[in-house]
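# An overview of the molecular structure
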Amino acid sequence: MQKTVQKRTLKTHARLMAVSEELIQKSGYEGLRVEEVVQTAGVAKGTFFAHFRDKDALMEILIADRLNACLDQAEAEPQPKTVKQLVAALEPVHSFMMSERYVFDLLIRYSGATAIADVGPIAYCFERYFRVVMMWLEAAETRKDVPSELLAEGVQAFAIQAMSLRFCALHSATTFTDRLETYLDAWLTPTG
């Protein structure tokens, strides 16, 4: 009996995830409505909340899955050696992060945690981003007077800053890529 209940629970969870992904293809992340998910999945609203605390909890999983896929894509490419190559290698990741204001806001909200229990899939994606960039920087043509850990933290911080300004009407004259390359040229270029 226990295995049957567990199989059904896993099947329902998978169905809710699949339906949500289909609906996101049509209306985007922000446009997803719990009511539409349960109706399309053919389950009660209570069933949804038995699996997910709220819409954002579902979104955290879906967005982290997509972000991990983008990181997989970035890692599959040749290792970048220059700032321009680094920005290009991270383009799939950054493009997804900026794909919708809702996605960006959720990413920022869930990027870190105050307690271990709060660490979720998005926070792990941010950690993975940091680790990938740090590994790349160790072999890249960048400054070596600063530890690669600090350089990678700076890359991530500058990327978030450039994304934030992309969503600000006052700073829309400069593209994300131009702004990020400017920041990273100043941060990563060897001095002297």
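All of the points below concern the structure found in this document.

The rules behind these values
Residues numbered from 1 in each chain as written. Predicted model: local features only at pLDDT ≥ 70, side-chain atom pairs only at ≥ 80, totals over all residues. Heavy atoms only, no water. Helix = DSSP H or I, 4+ residues; strand = E, 2+ residues; numbered from the N terminus. Contact = heavy atoms within 4.5 Å. Buried < 20%, exposed > 50% of the residue type's maximum accessible area, 1.4 Å probe, protein only. Arc of directions from axis to C-beta. Phe/Tyr/Trp six-rings, centres within 6.5 Å; stacked < 30°, edge-to-face > 60°. Lys NZ or Arg CZ within 6 Å of the ring centre and 35° of its normal. Axes fitted to C-alpha atoms, helices over the stretch in contact; angles between N-to-C directions. Parallel < 35°, antiparallel > 145°, perpendicular 65-115°, else oblique. Nonpolar A, V, L, I, M, F, W, Y, C, P; charged D, E, K, R; others polar. Salt bridge = Lys/Arg side-chain N within 4 Å of Asp/Glu carboxyl O. Left-handed = near helix turned anticlockwise from the far one by under 90°.

### Thoughts on the overall build of the protein
Of regular secondary structure, the protein possesses 10 helices and 0 strands. Ordered by position in the sequence, the α and β elements of the protein form the string α-α-α-α-α-α-α-α-α-α. Across its three principal directions, the C-alpha atoms of the protein cover 70 × 40 × 30 Å. Put simply, of all contacts in the protein between residues at least 6 apart along the chain, 65% involve residues at least 24 apart.

### Digging into helix 2 (residues 34-41)
Inspection of helix 2 places Val-34, Val-37, Val-38 and Ala-41 among the buried residues, and these make up the whole buried set. In an axial view of helix 2, the angular spread of the buried residues amounts to 90°, which keeps them on one side of the axis. In the stretch just after helix 2, Gly-42 is the one whose phi turns positive, near 75°.

### Structural notes on the packing of aromatic side chains
Within this structure, the stated rule accounts for 6 aromatic pairs. Joined through ring pairs, the aromatic side chains of Phe-48, Phe-49 and Phe-52 make up one cluster. Its end group placed over the ring of Trp-187, Arg-143 keeps NZ or CZ at 5.6 Å from the ring centre. Over the face of the ring belonging to Phe-167 we find Arg-166, whose NZ or CZ atom lies 5.0 Å from the ring centre.

### Quick notes on the environment of Ala-74
Its location among the elements puts Ala-74 in helix 4 (residues 55-76). A relative accessible area of 1% places Ala-74 in the buried class. When the C-alpha atoms of Ala-74 and Ala-157 are compared, they prove to be 18 Å apart, with 83 residues separating the residues in sequence. If we ignore the near neighbours within four places in the chain, the residues touching Ala-74 are Ala-89, Val-93 and Trp-136.

### Digging into the packing of helix 4 against helix 7 (residues 101-109)
It is the contact of helix 4 with helix 7, at a shortest axis distance of 10 Å, that shows an interaxial angle of 95°. The orientation of helix 4 with respect to helix 7, classified from their angle, is roughly perpendicular. Along its contact with helix 4, which presents Lys-55, Asp-56, Met-59, Glu-60, Ile-63 and Leu-67, the element helix 7 presents Tyr-102, Val-103, Leu-106, Leu-107 and Arg-109. Residue composition of the contact of helix 4 with helix 7, by class: 7 nonpolar, no polar and 4 charged.

### Remarks on the pattern of salt bridges
Across all of its chains, the model carries 9 salt bridges by this definition. For Arg-131, the salt bridge is made with Glu-127, and the minimal N-O distance between the two is 2.7 Å. Within this pair, Arg-131 and its partner Glu-127 are both found in helix 8 (residues 121-139), separated by 4 residues, close to a single helical turn. What makes Glu-127 partly exposed here is its relative accessible area of 34%. The shortest N-O distance in the salt bridge between Arg-143 and Asp-145 comes to 2.9 Å. Given a relative accessible area of 15%, Arg-143 falls into the buried group. Taken together, the salt bridges that share partners define one network made up of Asp-72, Glu-75 and Arg-128.

### Considering the environment of Leu-62
Tracing the backbone through its elements, the reader meets Leu-62 in helix 4. As a C-alpha pair, Leu-62 and Ile-24 span 38 residues in sequence and 9.8 Å in three-dimensional space. Each residue touching Leu-62, except ones within four places of it in the same chain, is listed here: Met-17, Ser-20, Glu-21, Ile-24 and Tyr-29.

### Quick word on the packing of helix 8 against helix 9 (residues 148-166)
Relative orientation of the contacting elements helix 8 and helix 9 amounts to 125°, with a least axis distance of 8 Å. Judged by the angle between their axes, helix 8 and helix 9 are oblique. Crossing geometry of helix 8 relative to helix 9 is assigned as right-handed. Two secondary-structure elements touch here, helix 8 through Phe-126, Tyr-129, Phe-130, Val-133, Met-134, Leu-137 and Glu-138 and helix 9 through Ser-148, Glu-149, Leu-151, Ala-152, Glu-153, Val-155, Gln-156, Ala-159 and Ile-160.

Everything listed is a geometric property; what it means functionally is a separate question.
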